[in-house]
Amino acid sequence: MLTVALPKGRIAEQTLELFEKAFGEKIVFEDRKLILETKEFKFLLVKNQDVASYVLHQAADIGVAGLDILEEREYDLVKLLDLGFGRCKISVGMKNEDSLDLNAPQITIATKLVNITKRHFAKKAMAVKVIKLNGSIELAPLVGLSDAIVDIVETGTTMKQNGLKVVEDIMDSSAHLIANQNSLIAKKGEILALYEKINAIIND
Ligand code: PRP
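**Quick word on the overall build of the protein**
Right, so step 1: Within the protein one finds eight helices and eleven strands.
Right, so step 2: Overall size of the protein, expressed as C-alpha extent along the three principal axes, is 60 × 35 × 30 Å.
Right, so step 3: Taking the intrachain contacts of the protein between residues at least 6 apart in sequence as the baseline, contacts between residues at least 24 apart amount to 69%.
Right, so step 4: Accessible area for the protein stands at about 11000 Å²; split by element, carbon and sulfur atoms hold 47% of it.
Right, so step 5: Here the protein holds 26 positive side-chain charges and 29 negative ones, and the gap between their average locations is 2 Å.

Printed below as a string of structure tokens:
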């Protein structure tokens with residue numbers, strides 16, 4: 001029996017659709033229930049950002065998580081497959097009238113993605129002060145909380161509507177199928193069978 005952590009949030013719908021196709025059955029969590037058991041699988045309904053934690057600690061054998069979160073956490077997980085949806089970029093944004101001052105003694109960045117931000121600016125040898133926020137990141141530069149932001153850009157609409165622009169792209173992200181390292185050994189056959197099915201669907 002495989003335990004599968006499915007994300008709520010922005011990649012939830014496409015993930016469910018993919019798994020329904022792979023398993024040939026509807027995956028419907030009853031009312032407020034967070035566990036759904038079928039003959040072969042146990043599905044867990046998990047907040048987007050928490051899927052990697054469930055898989056890391058083997059509370060789930062496999063799961064679906066955005067590459068942004070995997071890069072942010074740097075967990076020892078196996079990335080099995082790029083699922084190709086949930087595509088977005090992680091970018092640096094600033095007010096339209098501002099630009100990155102490479103010589104500034106320090107710049108303040110608001111973000112959810114603290115580690116990605118620190119690594120990116122360390123590579124450029126720029127000193128940054130990072131303010132961790134949990135959402136509505138685009139607000140920070142508008143009210144003087146930060147000089148810039150590092151955030152997910154999908155359509156670019158949120159930045160545009162708030163008078164911000166992308167000054168630099170850091171990485172591309174998309175949803176990935178991930179597995180726990182021990183599960184991959186203990187349940188190799190089951191995980192590979194699932195991998196094959198999903199791989200066939202996304203390459204269809
Ligand atoms: C993300 C991100 C941006 C927005 C980008 O936020 O933080 O705010 O989506 O999408 P766009 O380029 O298509 O406008 P999310 O909706 O996940 O909510 P949050 O503010 O809670 O992070």
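Now that the structure has been shown, the text picks up again.
**Remarks on the domain arrangement of the protein**
Right, so step 1: Split into domains, the protein comes out as domain 1 (2-86 + 174-202) and domain 2 (88-172).
Right, so step 2: Here the C-alpha centre of domain 2 lies 30 Å away from the C-alpha centre of domain 1.
Right, so step 3: The interface is formed by seven residues belonging to domain 1 together with twelve residues belonging to domain 2.
Right, so step 4: Taken together, both faces of the contact between domain 1 and domain 2 bury some 850 Å²; the carbon and sulfur share is 45%.
Right, so step 5: Here R10 makes a salt bridge to E154, at a shortest N to O gap of 2.1 Å.
Right, so step 6: Summed over the shared surface of domain 1 and domain 2, the result is seven residue pairs in polar contact (both at pLDDT 80 or more).
Right, so step 7: Considered class by class, the residues forming the side of domain 1 that touches domain 2 number one nonpolar, one polar and five charged.

**Focus on the sheet that holds strand β7 (residues 107-111)**
Right, so step 1: Strands sit in the order β8-β7-β9-β6-β10 across an open sheet of five strands; the sheet is mixed. This sheet does not close on itself; its edge strands, each paired only once, are β8 (128-132) and β10 (164-173). Ignoring strand direction, the axes of neighbouring strands in this sheet form an average angle of 25°.
Right, so step 2: Here three bridges tie β7 to strand β9 (residues 148-153), and the two strands are oriented parallel to one another. Across the sheet, residue I109 finds its bridge partner in β9, namely A148.

**Remarks on the packing of aromatic side chains**
Right, so step 1: Considering all chains together, one arrives at four aromatic pairs under this definition.
Right, so step 2: Aromatic side chains F23 and F43 sit 5.6 Å apart centroid to centroid with 55° between the ring planes, which places their arrangement in the tilted category. Separated by 20 residues along the polypeptide, F23 in helix α1 (residues 12-23) and F43 in strand β3 (residues 41-46) bring together distant segments of the chain.
Right, so step 3: By relative accessible area, F23 is classed as buried at 12%.
Right, so step 4: These aromatic residues form a ring-pair network of at least three members: F19, F23, F41 and F43.

**What to know about the packing of α1 against helix α8 (residues 188-202)**
Right, so step 1: The geometry of α1 relative to α8 is characterised by a closest axis approach of 9 Å and an angle of 115° between their N-to-C directions. Relative to α8, the element α1 lies roughly perpendicular. Every pair of crossing elements has a handedness; the one defined by α1 and α8 is right-handed. Counting all contacts with α1, which are made through L18, F19, K21, A22 and F23, the residues of α8 involved are L194, K197, I198, I201 and I202.

Rules used throughout
- Residues numbered from 1 in each chain as written.
- Predicted model: local features only at pLDDT ≥ 70, side-chain atom pairs only at ≥ 80, totals over all residues.
- Heavy atoms only, no water.
- Helix = DSSP H or I, 4+ residues; strand = E, 2+ residues; numbered from the N terminus.
- Contact = heavy atoms within 4.5 Å.
- Areas by Shrake-Rupley, 256 points an atom, 1.4 Å probe, with all protein chains shown as cover.
- Lys, Arg positive; Asp, Glu negative; His and termini not counted.
- Charge placed at Lys NZ, Arg CZ, Asp CG, Glu CD.
- Domains from an automatic or database assignment.
- Buried area = accessible area lost by both parts, 1.4 Å probe.
- Salt bridge = Lys/Arg side-chain N within 4 Å of Asp/Glu carboxyl O.
- Polar contact = N/O pair within 3.5 Å; in protein donor to acceptor, adjacent residues only side chain to side chain.
- Nonpolar A, V, L, I, M, F, W, Y, C, P; charged D, E, K, R; others polar.
- Pairing = 2+ DSSP bridges.
- Axes fitted to C-alpha atoms, helices over the stretch in contact; angles between N-to-C directions.
- Phe/Tyr/Trp six-rings, centres within 6.5 Å; stacked < 30°, edge-to-face > 60°.
- Buried < 20%, exposed > 50% of the residue type's maximum accessible area, 1.4 Å probe, protein only.
- Parallel < 35°, antiparallel > 145°, perpendicular 65-115°, else oblique.
- Left-handed = near helix turned anticlockwise from the far one by under 90°.

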